[in-house]
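Secondary and tertiary structure notes
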Amino acid sequence: MDTARLQRGHLSALALKGEDLVDADQVAQQITLDEAREARLVAEAVIDRVRGTGRVADY
């Protein structure tokens, strides 16, 4: 809401309409509105790969 310069309490609803949607595994990147969550997911994927290989050289 801060990015849209909206004051708290003035936004009572937000509606999104999706058309021509495809399965998540068919897109290059899934969009998100939560940057902090996205950062955690990226870090989690890297940690999982490091645990599997024992190295970070590919990143």
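The text that follows walks through the structure, step by step, so that each part is easy to find. Throughout, a residue's number is its position along its own chain's written sequence, starting from 1. With the structure being a predicted model, the display of local features is reserved for residues of pLDDT at least 70 and the display and counting of side-chain atom pairs for 80 or more, all residues being used for whole-chain, interface and lining totals. As a convention, hydrogens and water are excluded, and side-chain values are obtained from all of the structure's heavy atoms.

Every helix listed is a DSSP run of H or I at least four residues long, and every strand listed is a run of E at least two residues long, numbered separately from the N terminus. Scanning the chain from terminus to terminus reveals one helix and zero strands. With a 1.4 Å probe rolled over the protein chains alone, any residue whose accessible area is under 20% of its type maximum counts as buried; one over 50% counts as exposed, and the rest are partly exposed. Counting every position in the chain, which comprises 59 residues, the buried fraction comes to 0%.

At D20, a position not held by glycine, the phi torsion is positive, near 55°. Tracing the backbone shows D20 in the segment before α1 (35–53). Judged by its relative accessible area of 77%, D20 falls in the exposed class.

Counted as salt bridges are all cases of a side-chain nitrogen of Lys or Arg within 4 Å of a carboxyl oxygen of Asp or Glu. Going through the model one piece at a time under the given rule, you end up with one salt bridge. The closest approach of N and O atoms between K17 and E19, which form a salt bridge, is 3.2 Å. With a relative accessible area of 73%, K17 lands in the exposed category.

All right, on to a nonpolar patch on the surface then. Taken together, L14, L16 and L33 make up a surface patch of nonpolar side chains, about 450 Å² in accessible area. Along the polypeptide, L16 turns up in the segment before α1. Patch building starts from residues that exceed 30% relative accessible area and form no salt bridge, then joins like charges within 9 Å and nonpolar side chains (Val, Leu, Ile, Met, Phe, Trp, Tyr) within 5 Å. Methods summary: accessible areas were calculated by the Shrake-Rupley approach with a probe of 1.4 Å, and residue burial reflects only the protein chains presented.

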